[in-house]
Amino acid sequence: MSESVFEIHDWTLSVDDNMLCRPDREVYLEPRLVNLLRFLASNAGTVFARDALINEVWDGAEVTDQVVTQSIFELRKILKDGRFDATDYIITVPKRGYKLVAPVRPLQPLQVVSVVMADAQSSPTTNSTLSDLSPPADDENDEAISGVAPFPAGPLTRAISTRAQDGRSRWKMISFDIFVAVILVAIVSLLSYQHTSPQVHSMLDPDLLVFRFHSGMEGDNENVRLADGITRALMGEVAAATPLRVQYGANTLMGGILPGKELSVRVSRQPGGTYLDLEYRNINTNRVLFSHQYQLSRHNVHAVLQASSQDLLRALDQPDALPGMGWPTDDAALMAMMEAHYYTNSQDTVALKRGIDLLDKSLATQPDQPLLLAERYLAGEALATLAGQSESERLQGIGTHLASLVQDGGLLPARVWEALTLQAILDGQQQQANRLLALAASRGRTVLYHILLGKLAELDGRPEAAGDAYSQAFLMEATEQTYLLCQRLGFYSNMETLTPALFNALGQSKVKLF
């Protein structure tokens, strides 16, 4: 189509200027993105497969599907503009392609110009007002002044040079102008030299992978709970199979060392059902390295989680890794465990109990499942810590039952070894706890691993090592509940002396647990 200006929801696309703009915001686009967005805007509401976009936008050039995926990702990011509550602009229609769903209205250039002219109508009035306030010219005075101060007079001497009566005074004024100019040049040169030193406020760490989940909906619903649980499950698999350090992206530290890689996890309900979308991106190059969509239901949770973990690890150059070790085999039990993670990471005791109820329901169908027992034991300990209560007999029984099922060195998730480590710490078996924590480290170092490492360092009389471990836990998941676990899990730790920086930042605030 011939239109060169489009109104796309709250944005205005100017094709000729390669620019997107909205109030107080202008973004210049690469030509390929402009051409793609113009084509989608000209055909809003129509679904286009990748092949069709290559033919229409790239004129059938030899372009891979990855280029189209990357371009769609960049457009989504630019249109969202960091606004998590922004409307969806471009959606993925499963197994068909992409569609622009935001409202679109073609604009004629005259419409745009008229708006600009309307904003500028006040300018002549302002100019005329200023000219009216200017004093009238006095020809005689002008002639007198011109005879004393020849043009161009210096900016600082023009006002006083009218009093100069001979050539010697004028030369003094000129010399003063030159002196001032030299001083100004020297000051500007000094400031420019000082600013040439690089000031680095943050750096990207290529070995740090941040996980961010997006539910596609708001509030406490199944998609939110499931997205959070899947995110944490994928974090565990990456920590176990790769040398990368992982970070949960619910909160982000400002400045300092920032993650160089990002995995976005989205669970959304679409007309064809519920879908899990994964997108792995190199933040440093802003390139999408892996993107895939999986149809999700209550009856295929295990298969989808297994497939998505394998695909992700393959994208991370770990094709031989075997994810899913120790997961519940029953789909209902696995989904309940995923949802329970959402509640057991809450500050509210009512929510914690709800998560525990979900785990108990799963254990009713698989009472000897080690990972379910470990999650139930850790959630119970979290609730007891938050409520200021001692370990119950039932909780002790769960820990004892878990220990009886586990063989040392088995291929089990880190969570199982962490639960047994905590149990050994509470039972005063420090040597056994160190051995179990080493087994946990072999399956990936998680937030809880570093917290337990700090507790054991305190018991060994190594406060510096304890403070470092607690700081590492906080860097992995910078939340207030992480701080409270460091402070209270197992026994009370004096965070003011161990990690003064964390204490000053969070010690006086109302924090949540787990």
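This text gives an overview of the structure that appears in the document. It should be emphasised that the depicted structure is a prediction, and the values quoted were computed from it without experimental measurement.

Within the protein chain, the secondary structure is distributed over 20 helices and 12 strands. Here the protein chain, with 514 residues, has 44% of them falling under the buried criterion. Here the contacts in the protein chain between residues at least 6 apart in sequence split such that 58% fall between residues at least 24 apart. With the model as given, the accessible surface of the protein chain reaches about 27,400 Å², and the carbon-plus-sulfur share is 54%.

Both faces of the sheet carry side chains from a regular strand, because those side chains alternate between them. Across nine bridges, the pairing between strand E11 (residues 273-282) and strand E12 (residues 287-296) is antiparallel. Within E12, the position partnered with Tyr-275 by the bridge is Gln-295. Connecting the antiparallel pair E11 and E12 is a turn made up of four residues, with Asn-286 showing a positive phi of about 55°.

As enumerated under the stated definition, the model contains two cavities of 30 Å³ or more in all. In this structure, the largest cavity encloses a volume near 620 Å³. Forming the walls of the largest cavity are 32 residues, and the residues nearest its centre are Arg-232, Gly-236, Glu-375, Arg-415 and Thr-446. Going through the elements one at a time, helix H8 (222-241), helix H10 (331-344), helix H12 (370-387), helix H14 (414-426), helix H16 (447-459) and helix H18 (480-488) are the ones with two or more residues in the lining of the largest cavity. Ranked by residues supplied to the lining of the largest cavity, first place goes to H8 with seven residues. Among the residues making up the lining of the largest cavity, the classes are represented as 17 nonpolar, seven polar and eight charged.

One non-glycine residue with positive phi stands out, namely Asn-18, at about 55°. With phi around 65°, Lys-95 is a residue other than glycine that occupies positive phi space. Residue class for Lys-95 comes out exposed when judged on its relative accessible area of 87%.

So, about a nonpolar patch on the surface. Nonpolar side chains collect at one region of the surface, where Phe-176, Phe-179, Ile-183, Leu-184 and Ile-187 lie side by side and expose about 490 Å² of accessible area between them. Relative to the helices and strands, Phe-179 is located in helix H7 (residues 167-194).

Take Lys-455: it is sitting in helix H16. An unpaired buried charge is present at Lys-455: no salt bridge exists, and Glu-458, the closest side chain of opposite charge, is 4.5 Å distant. A polar contact is formed between the side chain of Lys-455 and the backbone oxygen of Cys-486, at a distance of 2.8 Å. Filtering out sequence-adjacent residues up to four positions away, Lys-455 remains in contact with Ile-425, Tyr-470, Leu-485, Cys-486, Gln-487, Arg-488, Leu-489, Phe-491 and Ser-493.

Turning our eyes to something else, we now look at the nonpolar core. Counting residues in each nonpolar core, the largest one holds 85 residues, and the members touching the most others are Ile-230 and Leu-263. Apart from the residues lying within four places of it in its own chain, the contact partners of Leu-263 are Leu-209, Val-210, Phe-211, Arg-212, Leu-234, Leu-278, Glu-279, Tyr-280 and Leu-312. Membership of the second largest hydrophobic core comes to 31 residues, among which are Phe-6, Leu-29, Phe-48 and Ala-102.

Along the chain, Thr-329 falls in the loop between helix H9 (301-315) and H10. Expressed as a C-alpha distance, the spacing of Thr-329 and Ala-303, which sit 26 residues apart in the sequence, is 9.7 Å. When near neighbours in sequence (up to four residues on either side) are disregarded, Thr-329 contacts His-302 and Gln-366. There is a polar contact of 3.3 Å between the side chain of Thr-329 and the side chain of Gln-366.

Per the counting criterion, the structure on display carries 16 salt bridges. In this structure, the salt-bridge partner of Arg-105 is Glu-7, at a minimum N-O distance of 3.3 Å. With a gap of 98 residues between them, Arg-105 in strand E7 (residues 104-107) and Glu-7 in strand E1 (residues 5-8) connect regions that are remote in the sequence. Three or more residues are tied together by salt bridges with common partners; here these are Arg-22, Arg-25 and Asp-81.

Two elements in contact, H12 and helix H13 (residues 393-405), have axes whose closest approach is 9 Å; the angle formed by their N-to-C orientations is 150°. It follows that H12 is roughly antiparallel to H13 by the angle criterion. Between H12 and H13 lies a crossing of left-handed hand. Contacts from Pro-370, Leu-373, Ala-374, Arg-376, Tyr-377, Gly-380 and Glu-381 of H12 reach H13 at Arg-394, Leu-395, Ile-398, Gly-399, His-401, Leu-402 and Leu-405. Per-class residue counts for the contact of H12 with H13 are eight nonpolar, three polar and three charged.

The end-to-end C-alpha distance of H10 is 20 Å, a good match for the 20 Å that 14 residues give at a rise of 1.5 Å each. With 12 of its 14 residues buried, H10 lies for the most part within the structure. Considered for burial, the residues of H10 that qualify are Asp-331, Ala-333, Leu-334, Met-335, Ala-336, Met-337, Met-338, Glu-339, Ala-340, His-341, Tyr-343 and Thr-344. On its buried side, H10 packs onto H8, H9, helix H11 (349-365) and H12.

This brings us to the packing of helix H15 (residues 430-441) against H16. Describing two packed helices takes the angle between their axes plus the distance from one axis to the other. Packing of H15 against H16 brings their axes to within 11 Å, and their N-to-C directions diverge by 155°. Considering the angle they form, H15 stands roughly antiparallel to H16. Regarding H15 and H16, the two cross each other, and that crossing is left-handed. Only Tyr-449, Leu-452, Leu-453, Leu-456 and Leu-459 of H16 make contact with H15, whose side of the interface consists of Gln-430, Ala-433, Asn-434, Leu-437 and Ala-441.

Here helix H3 (residues 65-80) is 16 residues long and its end C-alpha atoms lie 23 Å apart, about the 22 Å a rise of 1.5 Å per residue gives. Looking one or two residues beyond H3, the residue adopting positive phi is Asp-81, at roughly 55°.

It is worth spelling out the packing of aromatic side chains at this point. For the coordinates displayed, the defined rule picks out two aromatic pairs. An angle of 80° between the planes, with centres 5.4 Å apart, marks the rings of Tyr-342 and Tyr-343 as edge-to-face. When its relative accessible area of 26% is taken as the criterion, Tyr-342 is described as partly exposed. Sitting over the face of the ring of Trp-11, Arg-22 holds its NZ or CZ atom 4.9 Å from the ring centroid. The cationic tip of Arg-232 hangs over the ring face of Tyr-248; the distance from NZ or CZ to the ring centre is 4.0 Å.

Cut-offs used in this document
Residues numbered from 1 in each chain as written. Predicted model: local features only at pLDDT ≥ 70, side-chain atom pairs only at ≥ 80, totals over all residues. Heavy atoms only, no water. Helix = DSSP H or I, 4+ residues; strand = E, 2+ residues; numbered from the N terminus. Buried < 20%, exposed > 50% of the residue type's maximum accessible area, 1.4 Å probe, protein only. Contact = heavy atoms within 4.5 Å. Areas by Shrake-Rupley, 256 points an atom, 1.4 Å probe, with all protein chains shown as cover. Pairing = 2+ DSSP bridges. 1 Å grid on protein atoms, 1.4 Å probe; cavity = no way out; pocket = protein on both sides within 12 Å on 5 of 7 lines; lining within 4 Å. Points joined across faces, edges and corners; volume = space filled by probe spheres on them. Nonpolar A, V, L, I, M, F, W, Y, C, P; charged D, E, K, R; others polar. Patch = residues over 30% accessible without salt bridge, like charges linked within 9 Å, V, L, I, M, F, W, Y side chains within 5 Å. Salt bridge = Lys/Arg side-chain N within 4 Å of Asp/Glu carboxyl O. Lys, Arg positive; Asp, Glu negative; His and termini not counted. Polar contact = N/O pair within 3.5 Å; in protein donor to acceptor, adjacent residues only side chain to side chain. Core = buried A, V, L, I, M, F, W, Y, C linked by side-chain atoms within 4.5 Å. Axes fitted to C-alpha atoms, helices over the stretch in contact; angles between N-to-C directions. Parallel < 35°, antiparallel > 145°, perpendicular 65-115°, else oblique. Left-handed = near helix turned anticlockwise from the far one by under 90°. Expected span 1.5 Å × (residues − 1). Phe/Tyr/Trp six-rings, centres within 6.5 Å; stacked < 30°, edge-to-face > 60°. Lys NZ or Arg CZ within 6 Å of the ring centre and 35° of its normal.

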